[in-house]
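Reading the structure
Single-letter residue listing:
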Amino acid sequence: MGSRWLVTGGAGFIGSSVIRELVSGMRCDVVNVDKLTYAGNPDSLKAIASDSRYTFVHADICDAATVQEVFRRFGPDVVMHLAAESHVDRSIAGPAPFIETNIVGTYTLLEVARAYWKALWESDPRKAGGFRFHHVSTDEVYGDLQGAEDLFIETTPYAPSSPYSASKASSDHLVRAWQRTYGWPTVITNCSNNYGPYHFPEKLVPLMILNARAGKPLPVYGNGHQVRDWLYVEDHARALIKVATEGEVGETYNIGGHNEVTNLEVVERICELLEELAPDKPEGVKQYRDLITFVADRPGHDLRYAIDASKIERELGWVPSETFETGLRKTVQWYLDNGDWVGRVTSGAYREWVEKHYGEQAVDGAHHD
Ligand code: NAD
Ligand code: DAU
């Protein structure tokens, strides 16, 4: 099972890590269906782009006819669905694409894939019996953790706070309803914050590395005491492949790295690593940490996320390989070494977003010391 994979959103941060592993590590056949929004970068798949096992289809998951044709031609054993609008701040500024891709797109994909699976029962029941649909989701569907010791478990009630997390919660509900109503063979994963190479620089970790190198302010929302549970992207990719191939149908698995860190601490650690790895600072910058600047908080900002990953560890034997220390060091080094990739993804559209979003923020003037 699992030799022919249809991945949606494979040109994004996590999807590209999954595809690199599937094609070069596991030698599987993969078709990648991606719309190439601002967040999709074929450059992230350069290492495997010319491999005969890899096929790219430039398509929107909301386009049922095209997606149907991909299923017909490729005949997947596994679908891993990652395509989504993924940035919380963008969902606050403009929710429409989140509703369209995350909810309508997931619905469209479910229906196309279900029709394919139904037909497969007639033509190839063995293949139909092994077919899996893996929906990749987020811990943000659970909302804010209240108690300092609380952890998200797979049965934590949903309480999304942002348009992004509400759209992801909706898609999870659709997938579960399809499972229950149609006997649809699904697995769902809910993961915490990823970081690592090829991360689009609108997100906290790459934004801070690149701003620091450019001598620009490091914008920390509110007081920076919000906690996220960080996981190195390649550890997530391995967990996803494990769940898709070995997870029990109908089950949900939480994935996390046991790395609870406040945002301020993340930024401070990045600054310390840069002091060591890139001591040639931009003109006028004495210490990278002097660039830390507190700005207006994100509306509806969740205070704390933390994952109990014991189910996937116990049942599937997955554990992360990287600690936050080792993973962050690799990540900072990767951004220092890959200026070409950064240059290509930070296009006009990216610059426009940064200017609009951070330009409107009320900087309280208090630099961190
Ligand atoms: P990303 O924004 O880096 O990539 C998303 C990809 O989806 C891009 O390649 C984009 O072009 C593609 N896409 C967007 N709309 C599309 C559409 N309508 N049709 C086809 N392709 C489309 O996102 P990511 O960080 O790699 O996240 C991937 C998935 O994992 C998402 O579903 C996200 O909710 C989930 N997730 C992310 C994290 C994280 O920390 N990044 C954590 C947990 C879960
Ligand atoms: O928890 C999983 C989620 O993690 C995924 O589902 C999302 O797709 C992914 O984007 C990420 O969401 P976050 O909102 O947590 O990630 P982001 O990098 O945008 O922000 C991380 C934290 O840092 C958050 O508390 C907001 C804060 N932040 C972010 C930015 C961009 C800042 O303080 N300053 C910033 O400039």
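Residues numbered from 1 in each chain as written. Chains lettered and ligands numbered in written order. Predicted model: local features only at pLDDT ≥ 70, side-chain atom pairs only at ≥ 80, totals over all residues. Heavy atoms only, no water.

1. So, the packing of helix α9 (residues 263–277) against helix α11 (residues 324–337)
Look at α9 against α11: their axes get within 10 Å of each other, and the N-to-C directions meet at 60°. As judged from the angle between their axes, α9 and α11 are oblique. As for the relative orientation of α9 and α11, their crossing is right-handed in sense. Taking contact as the criterion, the partners of Val-266, Arg-269, Ile-270, Leu-273, Leu-274, Glu-276 and Leu-277 in α9 are, on α11, Phe-324, Glu-325, Leu-328, Arg-329, Val-332, Gln-333 and Leu-336. Grouping the amino acids of the contact of α9 with α11 by side-chain chemistry returns 9 nonpolar, 1 polar and 4 charged. (Axes fitted to C-alpha atoms, helices over the stretch in contact; angles between N-to-C directions. Helix = DSSP H or I, 4+ residues; strand = E, 2+ residues; numbered from the N terminus. Parallel < 35°, antiparallel > 145°, perpendicular 65-115°, else oblique. Left-handed = near helix turned anticlockwise from the far one by under 90°. Contact = heavy atoms within 4.5 Å. Nonpolar A, V, L, I, M, F, W, Y, C, P; charged D, E, K, R; others polar.)

2. Here we look at the pairing of strand β2 (residues 29–34)
Of all 6 residues making up β2, 5 are buried, and the element is well covered by its neighbours. The sheet contact formed by strand β1 (residues 4–8) and β2 spans 5 bridges and is parallel. Of the residues in β2, the one forming a bridge with Thr-8 is Val-33. The parallel pair β1 and β2 is bridged by helix α1 (residues 13–25), and the resulting crossover is right-handed. (Buried < 20%, exposed > 50% of the residue type's maximum accessible area, 1.4 Å probe, protein only. Pairing = 2+ DSSP bridges. Right-handed = clockwise from strand over helix to strand, strands pointing away.)

3. A look at the site of ligand 1
The environment of ligand 1 is formed by 28 residues, the closest being Ile-14, Asp-34, Ser-86, Tyr-164 and Lys-168. Here an oxygen atom of ligand 1 and a side-chain polar atom of Asp-34 are 2.6 Å apart. For ligand 1, an oxygen atom lies 2.7 Å from a polar atom in the side chain of Tyr-164. When ligand 1 is considered free in solution it has 840 Å² of accessible area, and contact with the protein chains removes 96% of it. Elements that contribute at least two residues to the shell around ligand 1 include exactly α1, β5 (132–138) and α6 (163–182). It is β5 that provides the largest number of residues to the shell around ligand 1, a total of 3 residues. A class-by-class count of the residues in the shell around ligand 1 yields 13 nonpolar, 11 polar and 4 charged. (Near = heavy atom within 4 Å. Polar contact = N/O pair within 3.5 Å; in protein donor to acceptor, adjacent residues only side chain to side chain. Areas by Shrake-Rupley, 256 points an atom, 1.4 Å probe, with all protein chains shown as cover.)

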